[in-house]
Amino acid sequence: MSAKMSLALRDRFEREIAKYPPAQRQSAVIACLAIVQQMQGYISAESEEMVAQYLGMPSMAVHEVVTFYNMYNQQPVGKYKLNVCTNLPCQLRGGSAALHHLEEKLGVSAGETTADGLFTLQECECLGACADAPVMLVNDRAMCSFMHTERLDELVAGLRALHVVVDAGDSGSSPSAEDAPCKP
């Protein structure tokens, strides 16, 4: 992201900052970082510095937020970011097996992106849906429950199909990760 802030970006930041008392503008850091990620797909070091300067807070404090939450991408990711929960409850109900299945199916290890740039596979901390384990998130938005082998295969096939529809220039509404076939 350019060091020069666009008027549109400034407006979006100001809308978030206005939600807090004037002396606590730093409270908008999470929202401002989410806006940056929506725009460029990840949070670069340059973007961290830009947010820090805009909010009047130390760069290290912004970096700490970016590195604490796994919803922030610190490098470019694929079109579909697949986060598989491997905390203990999910481990006990197949979370690790789900992650390994996706590694084999996609031909990447956790933390990597497929060669076509379509999928980034990540291991993540608790998603707070232990009763539905194993669970995963698609693009930080779509929660997918009971993700055993068959459902993982359906999900990957469904996301590949969505990608083909979008690439074919379908003039209808654009499908998103929320349309992914992962509902129970």
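Scope of this entry: the structure provided in the associated data block. (Residues numbered from 1 in each chain as written. Predicted model: local features only at pLDDT ≥ 70, side-chain atom pairs only at ≥ 80, totals over all residues. Heavy atoms only, no water.)

This part is about the pairing of strand β1 (residues 80-85). Burial runs high along β1: six of the six residues are buried. Pairing between β1 and strand β2 (residues 119-124): six bridges, direction parallel. By the bridge assignment, Cys 85 is partnered in β2 with Cys 124. (Buried < 20%, exposed > 50% of the residue type's maximum accessible area, 1.4 Å probe, protein only. Helix = DSSP H or I, 4+ residues; strand = E, 2+ residues; numbered from the N terminus. Pairing = 2+ DSSP bridges.)

Omega for the peptide link from Ala 133 to Pro 134 comes to -5 degrees, which places this bond in the cis form. As for its placement among the helices and strands, Pro 134 is situated in the loop between β2 and β3 (136-138). One non-glycine residue with positive phi stands out, namely Asp 140, at about 60 degrees. Here Asp 140 shows up in the loop between β3 and β4 (142-144). Here Asp 140 falls in the partly exposed class, since its relative accessible area comes to 25%. Backbone geometry places Phe 146, a non-glycine residue, at a positive phi of 50 degrees. Residue placement: Phe 146 occurs in the loop between β4 and α7 (149-167). On the basis of relative accessible area, Phe 146 is assigned to the partly exposed category, the value being 31%.

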